[in-house]
Amino acid sequence: MTPQEEAERPWFIYVLYDPRNGAVRYLGWTINPKVRFRDHLKPSRLAGHQRRDHWIKSLVDNGLRPGMAIIEVGSGEWGRIERKWIAYFRFAGADLTNLTDGGEGALGRRHTEAARAAMSAKRKGRKPSPLAIQRTKELRTGVKRSAELCAKVSAALKGKKKSPEHRTKLSLVALARPPMSVETRQKKRLSMLGKGRGVAMSAETKMKLRAAMLGRGSKQRKAWWATKSPEERSAIAHRGRAKLTPEQRSDAARLGHQTRRERANARE
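The rules behind these values
- Residues numbered from 1 in each chain as written.
- Predicted model: local features only at pLDDT ≥ 70, side-chain atom pairs only at ≥ 80, totals over all residues.
- Heavy atoms only, no water.
- Patch = residues over 30% accessible without salt bridge, like charges linked within 9 Å, V, L, I, M, F, W, Y side chains within 5 Å.
- Areas by Shrake-Rupley, 256 points an atom, 1.4 Å probe, with all protein chains shown as cover.
- Salt bridge = Lys/Arg side-chain N within 4 Å of Asp/Glu carboxyl O.
- Lys, Arg positive; Asp, Glu negative; His and termini not counted.
- Charge placed at Lys NZ, Arg CZ, Asp CG, Glu CD.
- Helix = DSSP H or I, 4+ residues; strand = E, 2+ residues; numbered from the N terminus.
- Phe/Tyr/Trp six-rings, centres within 6.5 Å; stacked < 30°, edge-to-face > 60°.
- Buried < 20%, exposed > 50% of the residue type's maximum accessible area, 1.4 Å probe, protein only.

Q: I would appreciate a short explanation of a positive patch on the surface in the present structure.
A: There is a patch of like positive charges on the surface, built from Lys160, Lys161, Lys162 and Arg167. Note that Lys161 resides in the loop between α8 (147-157) and α9 (164-176).

Following this line, the structure appears as structure tokens:
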């Protein structure tokens, strides 16, 4: 069949209704109403898990069959017409068993909470294969976001605050994350060199900067620290120590002593 013949082939919009009260329960389209009606009554269809199949099976179990009526005939594009009729019957209050809004695809379909939970459980813990990771890396390497996309992302995130529950989850995830290895830290440092973010500063300069910032936001830090359990405090301290090299720890201790002496001298 040529594309032109396919476009000119007639189609039928039909409804299935309950023979006991005439209530419309399903709306669909077909190019052969008789064959389509027989398909609805096949045992394999009646064993399905959709609402439509359950409804038809309930009629068959009671010795009944659904009624079928053609409501529109046409040719060419049928998806818009089917969506129109489904919207009409839903607006009229019909309890349709259709899962979607009609037309091609699954527009309007909503998974149940049980189905969503099952899909979530199936995907949890699944890790991509090394080949998939390599392909993704090759596709993303060197790709830069456009200025328009960056502006859209910035506008969407600007002023958006995380809820306390979200912050707690992020904190727990960060606490459970193992510290970066020496090689990873070195790679990150080298990748950031020359970008004006202070990574090229010496350890002593960094410690002086941290010492100068100690007095800022101390109330907020104390309030935040007071909300942590002893286990969380221990984990935070461990993560902080794990990030420093022995030389940095020594510099931090020395600068800390100097800062305390300077404060004591200033008070005197």
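Q: What should I look at first to understand the packing of aromatic side chains in this one?
A: Remark: the centre distance and the inter-plane angle together describe each pair of aromatic rings, the angle taken between the planes. Evaluated as defined, the whole model comprises five aromatic pairs. Seen in terms of ring centroids, Tyr88 and Phe89 are 5.3 Å apart; in terms of plane orientation they differ by 75 degrees. Their pairing is edge-to-face. Note on Tyr88: relative accessible area 48%, which makes it partly exposed. Owing to a relative accessible area of 13%, Phe89 belongs among the buried residues under this scheme. What links up through ring pairs into an aromatic cluster is the set Trp85, Tyr88 and Phe89.

Q: It is not clear to me how the pattern of salt bridges should be interpreted in this structure. Could you clarify?
A: If the charged atoms of two oppositely charged side chains come close together, the side chains can form a pair. Summed over all chains, the structure comprises nine salt bridges. Between Asp95 and Arg51 there is a salt bridge whose closest N-O contact spans 3.2 Å. Linking Asp95 in the loop between α5 (79-91) and α6 (113-123) with Arg51 in helix α4 (residues 51-61), this pair joins segments that are 44 residues apart in sequence. Arg51 sits in the partly exposed class, given a relative accessible area of 40%. Where Glu113 meets Arg116, a salt bridge forms, and the shortest distance between an N and an O atom there is 3.5 Å.

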